[in-house]
Amino acid sequence: MRFPEDVPVLTDGVVTLRAHTTDDIECVYDMCQDPDMQHWTTIPVPYDRQNAESFVTQIVPMGWRDGGSWAWAIEYDGRFSGTVDLHDGQGKVGEIGFSVAPWARGAGVMTRAVKLVLRYAFDVFGWNRVIWRAFTGNWASRRVAWKCGFRGVVVVPEGGLARDVRRDEWIATVGKDDDLEPQGNWWSVPGLEDGGIRLRAFQPADAPRIAEACNDERTQYWLAGMPSPYQLSDAEGFMRTRQDNLANGEGVSWAIADAASDQLLGCVSAFDLNNRIDKTVGEIGYWLHPEARGRKVMSTAVGLVIGHAFRPIAEGGLGRRRLTIFAAEGNTASAHVAEVNGFTRVSTERLASPRRDGEYLDLLGYDLLATDPRP
């Protein structure tokens with residue numbers, strides 16, 4: 001193909017994809033100074049103006065001319081705002097890559113651009129599937145992929161390479177007959193407050209308090225699956241997995257914090273929200289820092305989560321019909337939290353809850369329906 005003559009202009013009326021021009025060089029250079037851009041992509045670091053010139057005047061044109069890649073400049077609000085490209089395409093399967101200028105982030109620019117390019121890949125190139133990949137932790141890229149219908153996210157350990165360093169990588173795909181719309185839910189963590197406590201998202205500063213709580217002898221006994229001893233790195237890993245649960249629709253976890261000091265008091269989660277059999281159910285789980293016991297902290301926190309879980313999705317809730325709580329027999333504190341919040345004991349699973357010492361305890365099941373009266 002000829003460049004720039006054969007580069008198609010694609011637009012949805014808000015963003016326009018066009019051929020790169022020499023006027024974009026300074027914008028590309030500025031965009032590539034962004035620390036996030038340098039961290040999450042494979043561009044040279046440091047990135048100098050010569051790199052930008054080479055990209056615009058050599059790499060992009062060569063891709064169109066030899067059919068190795070097809071890159072468009074993204075124009076938004078009358079300005080260059082990023083680049084989106086397709087590459088490979090062998091066997092009617094190719095990959096997509098994208099980057100957006102810091103000033104244009106949060107406006108839906110990249111989602112619009114990616115959808116335009118996907119339609120071109122399927123309708124004009126005749127591709128059957130497009131692959132997206134990003135280093136794990138690049139939530140902005142993953143959210144764009146989710147909004148554009150990519151599905152089946154998997155982690156490939158050390159699957160990505162940037163500047164001679166191997167990093168774990170996410171990979172997902174979308175097919176030509178798939179809807180280019182989100183699949184499943186990407187939950188948020190709304191702030192909820194009552195009775196002197198606040199439910200909020202976890203923060204990096206919470207890690208030491210998480211480790212303290214999860215090293216507590218009582219917590220270790222009743223939650224036998226926790227690492228022992230529980231390290232600061234375990235706390236940091238725990239917080240990372242909370243973000244993944246939000247993105248894949250599996251669950252929402254809140255840090256329970258003192259409303260006045262914001263000190264971490266515990267954790268409460270609604271999970272199993274992707275239940276294979278029934279997508280209207282969910283389970284609530286919790287643990288508490290020993291300093292917060294005996295203050296009705298967990299009873300209050302679970303009550304807040306129940307209200308949010310039963311609220312329709314259209315109103316910002318989780319849209320649940322039924323909630324469950326499980327407690328090992330003898331864990332009277334956990335059972336009390338369920339009972340004071342209106343849960344009914346409905347089952348006993350015999351010797352279903354293992355302890356570290358090899359003992360097994362019965363597991364008591366409680367449930368609550370959205371139609372049940374609440375205390």
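Residues numbered from 1 in each chain as written. Predicted model: local features only at pLDDT ≥ 70, side-chain atom pairs only at ≥ 80, totals over all residues. Heavy atoms only, no water.

### Concerning the sheet that holds strand β8 (residues 165-175)
Backbone hydrogen bonds are what pair the strands of a sheet, in a parallel or an antiparallel way. Taken in spatial order, the eight strands of this open sheet run β1-β2-β3-β4-β5-β6-β8-β7, and their pairing is mixed. Single-partner strands in this sheet number two, and they are β1 (10-11) and β7 (151-162). Bridging between β7 and β8 involves seven bridges; their strand directions are antiparallel. Pairing of V156 across the sheet is with E169, part of β8. Across the sheet, helix α3 (residues 49-66) is in contact with β3 (69-76) and β4 (79-88); its angle to β3 comes to roughly 125°. Running over the sheet, helix α5 (residues 139-147) touches β5 (93-100), β6 (129-135), β7 and β8 and is turned about 160° from β6. (Pairing = 2+ DSSP bridges. Helix = DSSP H or I, 4+ residues; strand = E, 2+ residues; numbered from the N terminus. Contact = heavy atoms within 4.5 Å. Axes fitted to C-alpha atoms, helices over the stretch in contact; angles between N-to-C directions.)

### Here we look at the environment of E217
Structurally, E217 can be placed in helix α7 (residues 217-222). We classify E217 as exposed; its relative accessible area is 70%. Considered as a pair, E217 and A301 are 84 residues apart in the sequence and their alpha carbons are 22 Å apart. (Buried < 20%, exposed > 50% of the residue type's maximum accessible area, 1.4 Å probe, protein only.)

### With respect to the nonpolar core
Counting residues in each nonpolar core, the largest one holds 39 residues, and the members touching the most others are W72, I96, L118 and F150. Of all hydrophobic cores here, the second largest spans 35 residues; its members include L273, Y286, L318 and I325. (Core = buried A, V, L, I, M, F, W, Y, C linked by side-chain atoms within 4.5 Å.)

### Brief notes about the packing of aromatic side chains
This model, assessed by the stated rule, comprises 14 aromatic pairs. An angle of 20° between the planes, with centres 6.1 Å apart, marks the rings of Y76 and W103 as stacked. One end of the pair, Y76, is in strand β3; the other, W103, is in the loop between β5 and α4 (109-123), with 27 residues separating them in the sequence. Since its relative accessible area comes to 21%, Y76 is described here as partly exposed. Each member of the aromatic cluster is reached from another via a ring pair, and the members are W64, W70, W72, Y120, F125 and W127. (Phe/Tyr/Trp six-rings, centres within 6.5 Å; stacked < 30°, edge-to-face > 60°.)

### Notes on the sheet that holds strand β15 (residues 344-354)
Strand order in this open sheet of eight strands is β9-β10-β11-β12-β13-β14-β16-β15, and the pairing throughout is mixed. In this open sheet, the two strands that pair with only one neighbour each are β9 (192-194) and β15. Neighbour-to-neighbour, the strand axes of this sheet turn through a mean angle of 25°, independent of strand direction. Here strand β11 (residues 252-258) pairs with strand β12 (residues 264-271) via six bridges, running antiparallel. Residue A257 lies in a different strand from β12, and its bridge partner there is L264. Of the strands in this sheet, β13 (281-288), β14 (322-328) and β16 (360-369) are in contact with helix α10 (residues 332-340), which crosses β14 at around 155°.

### Some details on the pattern of salt bridges
A full pass over the atoms with the stated rule returns 23 salt bridges. Note that E181 and K115 form a salt bridge whose closest N and O atoms lie 3.1 Å from each other. Of the two residues, E181 sits in the loop between β8 and β9 while K115 sits in helix α4, which places them 66 residues apart along the sequence. Look at K115 and you get partly exposed, because its relative accessible area is 22%. For the salt bridge of E193 with R198, the shortest nitrogen-to-oxygen distance reads 3.3 Å. Members of the salt-bridge network, linked through shared partners, are E193, R198, R200, D206 and D262. (Salt bridge = Lys/Arg side-chain N within 4 Å of Asp/Glu carboxyl O.)

### Quick look at α5
Residues that lie three or four places apart on an α-helix share one face, since the helix turns once every 3.6 residues. Along α5, the residues classified as buried are S141, R142, V144, A145 and W146. Positive phi shows up at G149, right after α5, with a value of about 95°.

### Overview of the side chain of D34
You can see D34 is positioned in the loop between α1 (25-31) and α2 (35-40). Leave out the neighbours within four places in its chain, and D34 touches P102 and R105.

### A short note on the pairing of β13
Most of β13 is tucked away, with eight of its eight residues classed as buried. Because side chains alternate across β13, one face comprises the buried residues V281, E283, G285 and W287, and the other comprises G282, I284, Y286 and L288, equally buried. Summarising the sheet, β12 and β13 pair through six bridges and their orientation is antiparallel. Each bridged residue has a counterpart across the sheet, and for A270 the counterpart in β13 is I284.

### Some words on the environment of D178
Take D178: it is sitting in the loop between β8 and β9. Judged by its relative accessible area of 22%, D178 is partly exposed. With 148 residues separating them along the chain, D178 and D30 place their C-alpha atoms 36 Å apart. Apart from the residues within four sequence positions on either side, D178 is in contact with R129 and R151. Here G175 takes part through its backbone nitrogen, which lies 2.7 Å from a polar atom of the side chain of D178. (Polar contact = N/O pair within 3.5 Å; in protein donor to acceptor, adjacent residues only side chain to side chain.)

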